[in-house]
Number of protein chains: 2
Amino acid sequence: MGYRRGTRGLDTNGDTMTQLHAIIPAGGAGTRLWPLSRANYPKFLLPLAHPTRSLLQQTVERLAPVAETITVVTGSAHAAAVHDQLTDTDVRVVCEPSGRNSMPAIGIASELIRAEFGDDAVIGSFAADHIVRDSEQLRDHIRTAIRAARAGYITTLGITPTAASTAFGYIRPGDLIDREVATVAEFVEKPDEARAQQFVESGYLWNAGMFIMTTRTLSEALADYQPDLGRRLHALAADWQDLSGDARAERWSELTAIAFDYAVAEPAARDDRVAVVATSPTIGWSDLGDFDSLCEVSGHGYETQTPIAVDSSGAKVFTGDSAPLIAVVGIDNCVVVHTDDAILVTTRDAAQKVKDVPQYVRQMGRHELC
Amino acid sequence: MGYRRGTRGLDTNGDTMTQLHAIIPAGGAGTRLWPLSRANYPKFLLPLAHPTRSLLQQTVERLAPVAETITVVTGSAHAAAVHDQLTDTDVRVVCEPSGRNSMPAIGIASELIRAEFGDDAVIGSFAADHIVRDSEQLRDHIRTAIRAARAGYITTLGITPTAASTAFGYIRPGDLIDREVATVAEFVEKPDEARAQQFVESGYLWNAGMFIMTTRTLSEALADYQPDLGRRLHALAADWQDLSGDARAERWSELTAIAFDYAVAEPAARDDRVAVVATSPTIGWSDLGDFDSLCEVSGHGYETQTPIAVDSSGAKVFTGDSAPLIAVVGIDNCVVVHTDDAILVTTRDAAQKVKDVPQYVRQMGRHELC
């Protein structure tokens, strides 16, 4: 791994292992994990699924063996914390002047990589706050995806479902391109429970937001589906190093705020330009989207005590070193989260509703706790 | 109010208002209100149902207008705290060398009062950790009970039930003695739900452990039902002031450890020597026996915040000034109790099971938290 300036172009004869330029958009409020995550300290900075390493650090470490360069795109509010966590790595941190959703974030990184490594450079975008237990399997899938990317596809890794979840968008695979790669027939929004069941039975995959393609493929797709945004990103990347902070912020604010899926992936799928690699069912992917999914995995830096549980099965506590003793009586699957300034009490079933709490906290004027 | 030495005998011509010698046994572990109450800081010392005054202080204030003297009987572990809370009053504090249940506690106080005020002095025993919202009504009932006590009855105040509770023992009233007083046909143990319903429909009353009688009546009852204990209490009271701490402790340890109800009230009821005054249905009595009953009343010194409640009706928080913000998501009737060193999460339905928690805490070796 390492961000090596001056190594231009794609070595098409070399090992694909070192030929990915990984992009990690690191943003989001993470309101579902309040009070662990806060607006100014989001989920990707937290030591989840590992006793000490943050999700961002784990993501970087997971991609490093297949990445020639790694670029983290993050907001100005989190840039200092991101730098602190990645001091020992060769990661480039690109600071977004403001949040414009994922397309501008991935787009500016892609244009900066394209300017340096050319049209055939393979980029891959990966969430900063997911986990994949079997990193080696993930990297194998990435290598497969790189082949499809070189053939011109916007290539996504589709997660083989382990449950009929309603928390994710789904991918409907189309015809096989080769043994491991299919076209994407359609991206489907988060379904209700009945449809989720149908989707799983029909071989649909979860959309985990992992996209691998050449910089050429992305710029062509933008030219077709978001031409104004594509032109602006290209021009902004060319000027990026020379712009003052204010000038960058102004140019940035003119970009269309849109998600990568809507801007590129969905229209490209309709034009048969998207491919999918189905991950192994044992890959161990999770988006750690709420306390319910946090309870599914272990090893968090917050599991410093087992609560006293009376007539309460499955009680779980997330807290820090200096936590008071915690007891749960008569509540199954209770989740108690303790920080120095806030306590959350919920159940695994209700975990999705935790996102409402920061709104109430804000209404109370306690912005420091959001 | 005031503990006036030298006022001997009973002024039978005077106002009954000043002719009660109140006894307040103040003991108990209070495990159902953990972590607010602790072994070394029991419930009667806590500011419950009042923003600043403890249950013991409220009990003293409630009885003062009808009491010529007030005697608090408490354990050596709590004597300092009791003194601290009652510095502004004329209360006598009698320190039990060890816990021997309620009969020795009430008995030693009665014998000390008898030695000073004679056989016709009317004593009344009242729990230190209950509340009565309408103090004036309570005192009216006490005045009625004093009349029955003078007629020779062990007289109890029976609480008119407001629900078919299974948390209390019941009193079955017998024949009316006069308009306001009946004999007690029977004391009945805590019933199951079906029997509780029958009891309430049949006019049974709750046994709140309030007993009013002359010192003569009590010493005669002890002579009949617990003659050895009666003799020892009489002899111990005579020597009380002159004994060293060790000698007191040794004599005290020889007393039968037994509750007043078993020692005297129940056998005396079988001999038609017990009377009951039914309290007004609006008296507002509560034993504050668990967090469920705490939720029924307001004004606690621990209600410093309303929790953020998402999809959670009736959520309630008990905490101190320096509490973190507390949020509850998806749990109806949730009760969260926060202290500096412990957090309890339960529901009103499960409140009775909280008593198991201190046992687990002890098993963990965290005795400082019990």
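Every chain is numbered independently, its residues counted from 1 as its sequence is written. Lettering for chains starts from A, numbering for ligands starts from 1, and both go in the order in which the items are written. In view of the model being predicted, local features appear only for residues whose pLDDT reaches at least 70, and side-chain atom pairs are presented and counted only at 80 or more, with totals across whole chains, interfaces and linings using the full set of residues. With hydrogens and water set aside, each side-chain value is computed from the structure's full complement of heavy atoms.

**Looking at the interface of chain A and chain B**
Link 1 in the chain: Tallying the contact residues gives 33 residues for chain A and 33 residues for chain B.
Link 2 in the chain: By buried area we mean how much accessible surface two parts lose on assembly, using a 1.4 Å probe and totalling the loss over both. Surface buried jointly by chain A and chain B totals about 2,500 Å² across both partners, of which 74% is contributed by carbon and sulfur atoms.
Link 3 in the chain: When the buried surface of chain A facing chain B is broken down by residue, L325(A), V329(A) and I343(A) rank first, second and third, together holding 27% of it.
Link 4 in the chain: Salt bridge, as used here: a side-chain nitrogen of Lys or Arg that lies within 4 Å of a carboxyl oxygen of Asp or Glu. Connecting chain A to chain B are two salt bridges.
Link 5 in the chain: For K353(A), the salt bridge is made with D311(B), and the minimal N-O distance between the two is 2.4 Å.
Link 6 in the chain: Runs of E in the DSSP output that reach at least two residues are strands. Runs of H or I that reach at least four are helices, and both are numbered from the N terminus. Of all elements in the fold, only β12 (308-310), β14 (325-329), β15 (334-338), β16 (342-347) and α11 (357-363) of chain A reach the threshold of two or more residues within the side of chain A that touches chain B.
Link 7 in the chain: With six residues, β16(A) is the largest single contributor of residues to the side of chain A that touches chain B.
Link 8 in the chain: In this count, Pro and Cys sit with the nonpolar residues alongside Ala, Val, Leu, Ile, Met, Phe, Trp and Tyr, while Asp, Glu, Lys and Arg are called charged and the others, Gly among them, polar. Of the residues assigned to the side of chain A that touches chain B, the class counts are 23 nonpolar, four polar and six charged.
Link 9 in the chain: Two strands qualify as a pair provided that DSSP identifies no fewer than 2 bridges between them. Relative to strand β14 (residues 325-329) of chain B, β16(A) runs parallel, the two sharing five bridges. Across the sheet, the residue bridging to T346(A) is V329(B), located in β14(B). The criterion used for residue contact is that any of the two residues' heavy atoms lie within 4.5 Å.

**Quick word on the nonpolar core**
Link 1 in the chain: Of all hydrophobic cores here, the largest spans 46 residues; its most connected members are L20(B), L56(B), I142(B), I212(B) and W285(B).
Link 2 in the chain: Setting aside its immediate chain neighbours within four residues, L20(B) contacts V66(B), A67(B), E68(B), T69(B), V122(B), I123(B), G124(B), F126(B), I142(B), I146(B) and I212(B).
Link 3 in the chain: Remark: nonpolar core denotes a set of buried residues (Ala, Val, Leu, Ile, Met, Phe, Trp, Tyr, Cys) joined through side-chain atoms within 4.5 Å. For each residue, the accessible area found with a 1.4 Å probe, counting protein chains only, is set against the maximum for its type, and the residue is called buried under 20%, exposed over 50%, and partly exposed in between. If you look at the next biggest cluster of nonpolar residues, it comprises 45 residues, including L56(A), A67(A), I146(A) and A148(A).

**Structural notes on the packing of aromatic side chains**
All names here are of chain A.
Link 1 in the chain: Any pair of Phe, Tyr and Trp rings, taking the six-membered ring for Trp, is counted once the centres come within 6.5 Å. Such a pair is stacked with planes under 30 degrees apart, edge-to-face with planes over 60 apart, and tilted for the rest. This model, assessed by the stated rule, comprises 18 aromatic pairs over all chains.
Link 2 in the chain: Aromatic pair F168 and W206: ring centres 4.7 Å apart, planes at 55 degrees, arrangement tilted. Of this pair, F168 sits in the loop between β6 (154-159) and β7 (170-176) while W206 sits in strand β9 (residues 205-214), and the two are 38 residues apart along the sequence.
Link 3 in the chain: When its relative accessible area of 5% is taken as the criterion, W206 is described as buried.
Link 4 in the chain: Consider the rings of F199 and Y204, whose centres lie 4.5 Å apart with planes at 15 degrees: the pair is stacked.
Link 5 in the chain: Here the aromatic residues F168, W206 and W285 are joined through ring pairs into a cluster of three or more.
Link 6 in the chain: Directly above the aromatic system of W240 lies the positively charged group of R248, at a separation of 4.2 Å from the ring centroid. Note on criteria: charge over ring means Lys NZ or Arg CZ within 6 Å of the ring centre, with the direction from the centre no more than 35 degrees off the ring normal.

**A closer look at the confidence of the model for chain A**
Link 1 in the chain: Model confidence for chain A is summarised by a mean pLDDT of 93, while 95% of its residues fall at 70 or above.
Link 2 in the chain: Scored by ipTM, the complex comes to 0.86, with pTM at 0.87. Confidence of the predictor at the level of single residues is captured by pLDDT, which takes values from 0 to 100.

**As for the packing of helix α3 (residues 102-117) of chain B against helix α9 (residues 260-270) of chain B**
All names here are of chain B.
Link 1 in the chain: One can describe the packing of α3 onto α9 by two numbers: an axis separation of 7 Å at closest approach and a directional angle of 75 degrees. Judged by the angle between their axes, α3 and α9 are roughly perpendicular. For the pair formed by α3 and α9, the contact residues are S102, M103 and I106 on the first element and F260, A263 and V264 on the second. To obtain each axis, a line is fitted to C-alpha atoms, and for helices this fit is confined to the stretch in contact; angles are then taken between N-to-C directions over 0 to 180 degrees. Under this scheme an angle from 65 to 115 degrees is roughly perpendicular, one under 35 degrees roughly parallel, and one over 145 degrees roughly antiparallel; angles in between are oblique.

**Points about the sheet that holds strand β15 (residues 334-338) of chain B**
Link 1 in the chain: Sheet architecture is open: five strands sit in the order β12(A)-β14(A)-β16(B)-β15(B)-β13(B), paired in mixed fashion. Strand pairing shows two members of the sheet lacking a second neighbour, β12 of chain A together with β13 (316-318) of chain B, which therefore form its edges. Direction aside, the axes of adjacent strands within the sheet are offset by 15 degrees on average.
Link 2 in the chain: Pairing between β15(B) and strand β16 (residues 342-347) of chain B: five bridges, direction antiparallel. Its bridge partner being in β16(B), V335(B) is matched across the sheet by T346(B).

**Some details on unusual backbone geometry**
Residues and elements named next belong to chain A.
Link 1 in the chain: In this model, W34 is joined to P35 through a cis peptide bond whose omega is 5 degrees.
Link 2 in the chain: Along the chain, the position of P35 falls in the loop between β1 (20-26) and α1 (55-63).
Link 3 in the chain: Look at L288: it is not a glycine, yet its phi comes out positive at around 45 degrees.
Link 4 in the chain: Within the fold, L288 resides in the loop between β11 (285-286) and α10 (291-296).

**Topic: the environment of A81(A)**
Residue and element names in this part refer to chain A.
Link 1 in the chain: Mapping A81 onto the fold places it in helix α2 (residues 76-85).
Link 2 in the chain: Separated by 41 residues in sequence, A81 and N40 place their C-alpha atoms 9.7 Å apart.
Link 3 in the chain: Setting aside its immediate chain neighbours within four residues, A81 contacts Y41 and L45.

**Brief notes about the sheet that holds β16(A)**
Link 1 in the chain: Spatial strand order, β13(A)-β15(A)-β16(A)-β14(B)-β12(B): five strands in an open sheet with mixed pairing. Every other strand in the sheet has two partners, leaving β13 (316-318) of chain A together with β12 (308-310) of chain B as the edge strands with one partner each. Within this sheet the neighbouring strands show an average axis-to-axis angle of 15 degrees, counted without direction.
Link 2 in the chain: Two strands pair when backbone bridges link them, and β12(B) and β14(B) are joined in this way by three bridges, in the parallel orientation. Following the sheet pairing, A309(B) is matched in β14(B) by V328(B).

**Brief notes about the state of the cysteines**
Link 1 in the chain: By definition, disulfides here are pairs of cysteine sulfur atoms that lie within 2.5 Å. Per the stated rule, a full pass over the model turns up zero disulfides over all chains.
Link 2 in the chain: This cysteine, C295(A), is not joined by any disulfide, and C334(A) carries the nearest cysteine sulfur, 9.7 Å off.
Link 3 in the chain: With no disulfide of its own, C334(A) lies 6.7 Å from the sulfur of C334(B), the closest cysteine sulfur.

**Brief notes about the relation of the copies chain A and chain B**
For the pair of chain copies, the relating transformation is a rotation about an axis with a translation along it.
Link 1 in the chain: Superposing copies: least-squares fit, C-alpha atoms only, residues required to have pLDDT of at least 70 in both. When chain A is fitted onto chain B, the two copies agree to an RMSD of 0.1 Å after a turn of 180 degrees and an axial shift of 0.1 Å. In symmetry terms, the pair is related by a two-fold rotation axis. Among all residues of chain A, the one whose C-alpha sits closest to the rotation axis is V345(A), at a distance of 3.8 Å.
Link 2 in the chain: Interface residue correspondence from chain A to chain B reaches 100%, placing this contact among same-surface, isologous pairings.

**Regarding the pairing of β14(A)**
Link 1 in the chain: Counted residue by residue, β14(A) has five buried out of five residues, so it is predominantly covered.
Link 2 in the chain: Here β14(A) shows no split at all, with L325(A), A327(A) and V329(A) on one side and I326(A) and V328(A) on the other all buried.

**A short note on the side chain of T69(B)**
Link 1 in the chain: By secondary structure assignment, the location of T69(B) is in strand β2 (residues 67-75).
Link 2 in the chain: As used in this structure description, the phrase polar contact means that two N or O atoms lie within 3.5 Å; if the pair is within protein, one of them must be able to donate a hydrogen and the other to accept it, and residues adjacent in sequence are counted only when both atoms belong to side chains. Polar contacts involving the side chain of T69(B) include one to the side chain of H21(B), which spans 2.8 Å.

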